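Structural description and commentary
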Amino acid sequence: MGISELKSQATATRDSIGRIHDLLAELGEHDLGYDGSLATRVEGIDGQIRTADRKYTAGTIAETSHGKTTFNNGMVGLSGDGALSTDDDPDTVCSTILSHRVQGTPEAEVFFRGQPEGIPMPWAEARVFTSHVAQAGNPNSEAVEEVRYFVACDLLLGMDLNDLPGTGSLHFKDTVLTQRKMTELDDILWIVGDEEPTAETKLNLGRLRAAGLSVVPILNVFEDPSCDPPLERDDALVASLDEAISGEYGGFFRAGFERPIHVSARLIELERAKDHPDPAVLERAGYFRMLDVFAQLKDDAESGRGSRFNRVARTTGVIMDQTLATLQDVHEALARRRGQLGREEQTQDRRDEEVIDADLEVRARLRTFARETAMKLCTYVGDQAVVFVE
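As the structure is a prediction and not an experimental result, all values here were calculated from the model.

Considerations on the confidence of the model for the chain
Of all residues in the chain, 80% have pLDDT values of 70 or greater, and the mean over the chain is 83. Here helix α13 (residues 343-348) stands out as the least confident element of the chain, with mean pLDDT 48; strand β9 (residues 261-263) is the most confident, with 98. Note that residues 380-390 has pLDDT below 50 and, in this model, 6 contacts with residues that lie over four places away or in other chains.

Here's what the structure looks like:
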């Protein structure tokens, strides 16, 4: 089974889960304890289907204020009004995709929920939709699904870079958005700042691992010569964080990365904003090391070693497991309900049976999906083992 067949199976599964959600919503007055979570499952599978054919996309995740957006600005060479917003703490409010700009493309596109096509606009206007500060009081802020920013940058040749909101802030919806979007990425750069990760981050890394995803660990060294007085790097803190991250979270790292890469995101951002950046400063800040990492990730994606099929199949499989757990709870609620109803009323109310029929349908689709994807994944793993041995 190829990616097109996988998408077809995932679409059928999504539609079946959606049907059950609609039926359970109709039965809401009977107190079945259904919390509407299947709608979220449908949205999750929809994201896998939507991204199954897109350009190779890497993304950055981090707890709020760890320098994620500063890292993206520095690597892509964005500064001033052309930079991703870091006006507040936290500030990133939506998913922003950085894409290579070619002649004829707009500066940016804003995608509103429910609209398949983006609305072209200047970056100065689109930037407003990416910032918590700028979005304050904007009645359209909740309707934005994603912003795409086109930048003439060699790093973006053959790939897109996704800047996601930081997790763990008071803006809970930021965390929810990132948890959904991060499982749609082909590769993930996990950025840690000047504090050890929280328990929530470990849960997020666990979600990624369950979906067959691992992370490239990056330790953002905080230093800023533009401050008054200048913020100097704390080498002792850096060594301590490196040790803690490697020991506690090494099991989540992508193969080939045993320790986090040390990068000074702010130093890169400042230096690349100059007309004549100093290569020695960029070298010390980890810029060229990151260029090598991006080149490796793109090469793996093109060669098939970074399998999008694996990501779509594993993530959809996790959602299937969550769906079955929800259905089990509904079955138990239906059993209790029948015990409370008279035989005549049971016969008249056919909606219970519709839920059961839909449940059987989705279970059948899930079995087919699981069987076929398992066979494909076994073949894929076997092929990679042969390549490794040879």
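Re the sheet that holds strand β5 (residues 144-151)
Within the open sheet, the 9 strands sit side by side as β4-β3-β5-β2-β6-β1-β7-β8-β9. Their pairing is mixed. Edge positions in the sheet fall to β4 (119-121) and β9, since each has one partner strand and no second. Taking the axes of each pair of neighbouring strands and ignoring which way they run, one obtains an average angle of 25° across the sheet. With 5 bridges connecting them, strand β7 (residues 187-192) and strand β8 (residues 215-220) associate as parallel partners. Along β8, the bridge assignment pairs Trp190 with Pro217.

Notes on the nonpolar core
The biggest cluster of nonpolar side chains holds 45 residues, and the ones touching the most others in it are Phe71, Val76, Leu98, Met290 and Phe294. The element contributing the most residues to this core is helix α11 (residues 287-303), with 5 residues. The contact partners of Leu98, leaving out residues within four places of it in the chain, are Asn72, Val76, Leu78, Leu84, Tyr149, Val151, Leu156, Asp160 and Leu161. Judged by nonpolar contacts, the second largest core, of 20 residues, contains Leu205, Val215, Leu219 and Phe252.

Observations concerning the packing of helix α1 (residues 3-26) against helix α2 (residues 37-51)
For the pair α1 and α2, interaxial distance at closest approach is 9 Å and the crossing angle is 160°. The orientation of α1 with respect to α2, classified from their angle, is roughly antiparallel. Where α1 crosses over α2, the two elements pack in a sense that is left-handed. From α1, Lys7, Ala10, Thr11, Thr13, Arg14, Ile17, Gly18, Ile20, His21 and Leu24 reach across to α2, where they touch Leu38, Ala39, Arg41, Val42, Ile45, Asp46 and Ile49. Split into classes, the residues belonging to the contact of α1 with α2 amount to 9 nonpolar, 4 polar and 4 charged.

Focus on the environment of Arg148
Within the secondary structure, Arg148 is located in strand β5. The class for Arg148 is buried, based on a relative accessible area of 18%. Each C-alpha atom, one on Arg148 and one on Ala126, is 8.5 Å from the other, the two residues being 22 residues apart in sequence. Look past the residues within four positions of Arg148 in its chain and what remains in contact with it is Ile97, Ser99, Glu107, Ala108, Glu109, Phe111 and Asp160. A distance of 2.6 Å separates polar atoms of two side chains, one belonging to Arg148 and the other to Ser99. A polar contact is formed between the side chain of Arg148 and the side chain of Asp160, at a distance of 3.0 Å.

Some details on the packing of helix α3 (residues 68-76) against helix α9 (residues 265-272)
Contact pair α3 / α9: the axes reach a minimum separation of 8 Å and the direction vectors enclose 35°. In the packing of α3 onto α9, the handedness of the crossing is left-handed. Side by side, α3 and α9 meet where Thr70, Phe71, Asn73, Gly74, Met75 and Val76 of the first sit next to Ala265, Arg266, Ile268, Glu269 and Arg272 of the second. Class assignment for the residues of the contact of α3 with α9 results in 5 nonpolar, 3 polar and 3 charged.

Details of helix α6 (residues 172-181)
Most of α6 sits inside the fold, with 7 of its 10 residues counted as buried. Buried within α6 are the following residues: Asp174, Thr175, Leu177, Thr178, Gln179, Arg180 and Lys181.

Some remarks on the packing of aromatic side chains
Considering all chains together, one arrives at 5 aromatic pairs under this definition. Considering the side-chain rings of Tyr287 and Phe288, the 5.2 Å spacing of their centres and the 70° angle between planes classify their relative orientation as edge-to-face. When its relative accessible area of 9% is taken as the criterion, Tyr287 is described as buried. Residue classification places Phe288 among the partly exposed positions, given a relative accessible area of 30%.

Focus: the pairing of β5
Judged by how many residues are buried, β5 sits mostly within the fold: 8 of 8 residues are covered. Note: strand β2 (residues 95-100) against β5, 6 bridges, orientation parallel. Bridged to Ser99 within β5 is Phe150. With 5 bridges connecting them, strand β3 (residues 108-112) and β5 associate as antiparallel partners. By the bridge assignment for β5, Glu109 is matched with Arg148.

The rules behind the values
- Residues numbered from 1 in each chain as written.
- Predicted model: local features only at pLDDT ≥ 70, side-chain atom pairs only at ≥ 80, totals over all residues.
- Heavy atoms only, no water.
- pLDDT = per-residue confidence, 0-100.
- Helix = DSSP H or I, 4+ residues; strand = E, 2+ residues; numbered from the N terminus.
- Contact = heavy atoms within 4.5 Å.
- Pairing = 2+ DSSP bridges.
- Axes fitted to C-alpha atoms, helices over the stretch in contact; angles between N-to-C directions.
- Core = buried A, V, L, I, M, F, W, Y, C linked by side-chain atoms within 4.5 Å.
- Buried < 20%, exposed > 50% of the residue type's maximum accessible area, 1.4 Å probe, protein only.
- Parallel < 35°, antiparallel > 145°, perpendicular 65-115°, else oblique.
- Left-handed = near helix turned anticlockwise from the far one by under 90°.
- Nonpolar A, V, L, I, M, F, W, Y, C, P; charged D, E, K, R; others polar.
- Polar contact = N/O pair within 3.5 Å; in protein donor to acceptor, adjacent residues only side chain to side chain.
- Phe/Tyr/Trp six-rings, centres within 6.5 Å; stacked < 30°, edge-to-face > 60°.

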